[in-house]
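# Working through the structure, step by step
The primary structure of each chain is shown beneath.
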Amino acid sequence: MTDSGGEEPPSRPETPDREGRVPEDKWLLHQRLAVRELIDTEVSYLHLLQLCAKDIRSRLPQLPQGDLDVLFSNIDDIIEVNSRFLHDLQETASKEEEQVFLIGNLFLKFQEELERVYKVYCATYDQALLLVETYRKEPELQREIQSVIEAAVPQAGPSGLSFLLVIPLQRITKYPLLLQKILENTLPADSAYPTIQRAASALQDVTTNINEYKRRKELASKYNKVEQLTLRERLARINTHTLSKKTTRLSQLLKQEAGLVPRTEDKEFDDLEERFHLVSLCVTELKSNVAAYLDNLEAFLRFRPQDCDLDMAEGPVVQYRSLTQDLHLQAFPEFKQRLEGLVWKPLCNLARALVGPQNLIKKRLDKLLDFERVEEKLLEVGSVTYEEEAARHTYQALNSLLVAELPQFNQLAVQWLGQILRTFMALQRDLAQQVLQRAEGSLAQLPHSQVSEPAFKKLVEETLGQNGNQLQSFQENFGKVLPPPTIQPLLPGAERQVEALLSRHGPGKLYQVTSNISGMGTMDLTLLRGQIVALLQDKDTKGNSSRWLVDTGGHRGYVPAGRLERYHVAPREEGLGGYKGSCDDTQCLMPEPTPAPASTLPTITQVVAVYPFVARSSHEVGVQAGQAVTILEAHDKKGNPEWSLVDVNGQRGYVPSSFLARPPSPAPWGWNLPS
């Protein structure tokens, strides 16, 4: 045999051709046996996979579909890849002289596909074993599963599911061994030797990558767990080790912020993280909007004007009433049900799917700080402890997992979000078509159904203009008896607090709370309606101008800017039945005085509440703007006309007199549509 540049086996002596052909024939024989073993075991392996997918999985209806998905994972993908692999492998038998070369190229060709499908199966294998263990705790279920397996695969024995589930793991790890066996029985001078050598190395890399992927998945699963712990449970977990880690991370972060140590830059991850946060923001905003949409739809369905007795003759009104009743009973409830099932639930599922990556990204920051600290020590000292080396590997594994999978996750999340939006638009379009179809018969019987669209539009505009003028006239008449806008009276005992705020901050900084405020955050204040505060800053630390920093005279914190109204410190006026507290020569701590219309209201008078009022004690009664009120006494027990004793739906209590007014009596008017 001519020398092809490869090294001769050391056990092969230089002997005559006739003597030399005998060991070559033995090598060739062993090589063919190794190839035959590869093909025969591949046939048996694929047959077992098909039994698992078709005969066994389909005969386990007693198991939930979720369990079956975990147990058999992506076995269908494995069958598809290995079926094509076996077909090409068997075709190499027709070219015996080139068979080893073709087998090596075949493994190189399928290298990426084998890694792709087997790493998914291997990553879920441990979870599948946990399910198997739970089945063993239920003897009846275990017997049913075992009988199905023994009928399909008798050689499984008592191991049952465990025997079948481990087969793909054994097969992917056996490929490098089978290739190594073929390589050992291939002469180094053979032209197929380098190819089969590369194939053996490639399959060894596949098993290594699968193990690394499995380790990363286990790491991600560990940090993905969201535990709902009480404060006591959280405190119980604090020990010197956790305190030391958190202190070290904080120290590292402060050094970076101060510019004492460099920050690790990873532009690839930063771009992926930015895109992920953008997707998360879109999902959060859409979820909030859809929730508001559903709330408004629910409120709309609760309003049922068609059930009211309109006391009108037969005609278009009855037709319209029948149409609205039909829509409220069928079209709109059906639309709401479809919206919840096809939009809201998928949107909630998408929001939950974002939690895992969010936790991993947060954990990556912690591990990055650990990694940077260890790298600094490694440069300074030259060695690290076992725990520090493990911290380095943890960060590298976590970062590699995110960089590898965030692009695919972002893409799928965007597709998922797009599908939800398209579904929402389709539901809106279907609702509009359904309403038009249902209204088609009724519209023909309504007035002006034969009027052209431009003429009808003009008619509607004229009618709305007429009714708008009527509303404006009513508003003007009603405004003649309204008192000027006033501010909620001061809370009892608040005079000294207001004096202190005035002397400390000046009158231009005083504001009054227009409605009760319940603080939710750590720095948020809880205030009562009518309380006086001083403005310290018209935005929070993040620049949000809707949250103001205020001083109550005792506490400082944030409140919603929309719940505050400037408090006017008016000049002192004699003869007002207002605040009689201490005033200086130029200012008096009270809302701007208004003529007291309540003092002219006779006892037992029907009036309406101009402004809403929230009761703050058992002596007061709350009212809504526009609510009918009966005045029992136009003053309080001390004769103060600023408070009136009223009756509101059977409840008696005091209300500020300036919040009440007589209703106007405008000329009769109403809504009418010209015929």
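Residues numbered from 1 in each chain as written. Predicted model: local features only at pLDDT ≥ 70, side-chain atom pairs only at ≥ 80, totals over all residues. Heavy atoms only, no water.

By the naming in an unreviewed UniProt entry, the chain goes by Rho guanine nucleotide exchange factor 37 isoform X1 and is assigned to Erinaceus europaeus.

### Quick notes on the packing of helix α12 (residues 267-302) against helix α14 (residues 355-381)
The line we're drawing: Only the stretch in contact is used when a helix axis is fitted, and all axes are lines through C-alpha atoms; the angle between N-to-C directions ranges over 0 to 180 degrees. Every helix listed is a DSSP run of H or I at least four residues long, and every strand listed is a run of E at least two residues long, numbered separately from the N terminus. Here the angle decides the label: under 35 degrees means roughly parallel, over 145 means roughly antiparallel, 65 to 115 means roughly perpendicular, and every other value means oblique. For any pair of crossing helices, the crossing counts as left-handed if the nearer helix is rotated counterclockwise from the farther one by less than a right angle, and right-handed if it is rotated clockwise. Contact definition: two residues touch when any of their heavy atoms are within 4.5 Å. Amino acids outside the nonpolar list (Ala, Val, Leu, Ile, Met, Phe, Trp, Tyr, Cys, Pro) and the charged list (Asp, Glu, Lys, Arg) are all regarded as polar, and Gly is one of them.
It is at 12 Å that the axes of α12 and α14 come closest, and there the two elements cross at 140°. Classed by the angle they form, the pair α12 and α14 counts as oblique. Considering only the axes of α12 and α14, their crossing is left-handed. Here α12 contributes Phe 269, Glu 273, Phe 276 and Ser 280 to the contact with α14, which in turn contributes Pro 357, Gln 358, Ile 361 and Arg 364. Looking at the contact of α12 with α14 residue by residue, the class counts come to four nonpolar, two polar and two charged.

### A look at the sheet that holds strand β1 (residues 510-513)
The line we're drawing: Strands are labelled as partners when DSSP assigns at least two bridges between them.
Pairing is antiparallel in the open sheet, where five strands are placed in the order β4-β3-β2-β1-β5. Pairing within the sheet leaves two strands with one partner each, and these edge strands are β4 (556-560) and β5 (564-566). Each strand of the sheet is rotated relative to its neighbour by a mean of 50°, with strand direction disregarded. Both strand β2 (residues 532-537) and strand β3 (residues 547-551) contribute to a ladder of three bridges, which runs antiparallel. Directly across from Ala 534, in β3, lies its bridge partner Asp 551.

### Considerations on helix α2 (residues 65-72)
Convention followed: To sort residues, take the accessible area from a 1.4 Å probe on protein chains only and compare it with the maximum for the residue type: under 20% means buried, over 50% means exposed, and anything in between is partly exposed.
All buried positions along α2 are accounted for by Asp 67, Leu 68, Val 70, Leu 71 and Phe 72. Ser 73 sits one or two residues past α2 and shows a positive phi near 45°.

### A closer look at the sheet that holds strand β9 (residues 651-656)
Taken in spatial order, the five strands make up an open sheet running β9-β8-β7-β6-β10, and their pairing is antiparallel. Every other strand in the sheet has two partners, leaving β9 and β10 (660-661) as the edge strands with one partner each. With three bridges joining them, strand β7 (residues 628-633) and strand β8 (residues 643-648) adopt antiparallel strand pairing. Bridge pairing in β8 places Glu 633 opposite Leu 645.

### Observations concerning the packing of aromatic side chains
Threshold: Think of it this way: a Phe, Tyr or Trp ring, Trp meaning its six-membered ring, pairs with another when their centres are within 6.5 Å, and the plane angle makes it stacked under 30 degrees, edge-to-face over 60, tilted otherwise.
Going through the model one piece at a time under the given rule, you end up with 13 aromatic pairs. Judged by centre distance (5.4 Å) and plane angle (80°), the ring pair of Tyr 293 and Phe 424 falls under edge-to-face. Of the two residues, Tyr 293 is situated in helix α12 and Phe 424 in helix α15 (residues 386-443); the sequence distance between them amounts to 131 residues. Look at Phe 424 and you get partly exposed, because its relative accessible area is 21%. Taken together, a centroid distance of 5.4 Å and an interplanar angle of 75° make the contact between Tyr 511 and Trp 548 edge-to-face. Of this pair, Tyr 511 sits in strand β1 while Trp 548 sits in strand β3, and the two are 37 residues apart along the sequence.

### Observations concerning the pairing of β9
Side chains on a regular strand alternate between the two faces of the sheet. Examined bridge by bridge, β8 and β9 share six bridges and lie antiparallel to one another. Its bridge partner being in β9, Leu 645 is matched across the sheet by Tyr 654. The antiparallel hairpin formed by β8 and β9 contains two residues in its connecting segment, where Asn 649 sits at a positive phi of about 50°.

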